[in-house]
Each structure stands twice: as structure tokens, then as C-alpha cells.
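# An overview of the molecular structure
Here's the letter readout for the chains.
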Amino acid sequence: MNTVLHRLASPLLQWSRHAAALRRQQAEARALMAMGQHELNDLGVGRSELQSLMRNAG
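From N to C terminus, the chain includes three helices and zero strands. Moving toward the C terminus, one meets the helices and strands of the chain in the order α-α-α. Taken across its 58 residues, the chain has 12% of its residues classed as buried. Looking at the chain as shown, the accessible area adds up to about 5,000 Å², and 58% of this sits on carbon and sulfur atoms.

Encoded structure:
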């Protein structure tokens, strides 16, 4: 019985971790998009670079 539960739990745990990572990435992307230009300048990033950075992060 434990073997069956372990085999079922493993993919669910992987999916859960993937889903959590995706939610974090989306939240970070929203936070970057909400930043003002002066805040982005402090980070050394231009607004035009945001889409490329987000695409490369995933």
C-alpha cells in the first residue's frame, strides 16, 4: 500500500512544486511590470527589456 501511495504522491509533488514556481515567477513579473521607470533604472533594466527578461527566465 505504501508503494502505491508513494508512486501517486511523487508526480503530484513534482506538479505542486512546478505550479508554485510558476506562481512565483508570475508574481515577480507583475511586480517588475508595476515598477516605475526610475526603479527599473536603479536595477539597470529598461522597460523595453522586461519582456525579453521574463521570457528567458522561464
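Now for the environment of L32. Assignment of secondary structure puts L32 in helix α1 (residues 2-34). By relative accessible area, which is 27% here, L32 ends up partly exposed. Spatially, the C-alpha atom of L32 lies 9.9 Å from that of V45, the residues being 13 residues apart in sequence.

About the thresholds
Residues numbered from 1 in each chain as written. Predicted model: local features only at pLDDT ≥ 70, side-chain atom pairs only at ≥ 80, totals over all residues. Heavy atoms only, no water. Helix = DSSP H or I, 4+ residues; strand = E, 2+ residues; numbered from the N terminus. Buried < 20%, exposed > 50% of the residue type's maximum accessible area, 1.4 Å probe, protein only. Areas by Shrake-Rupley, 256 points an atom, 1.4 Å probe, with all protein chains shown as cover.

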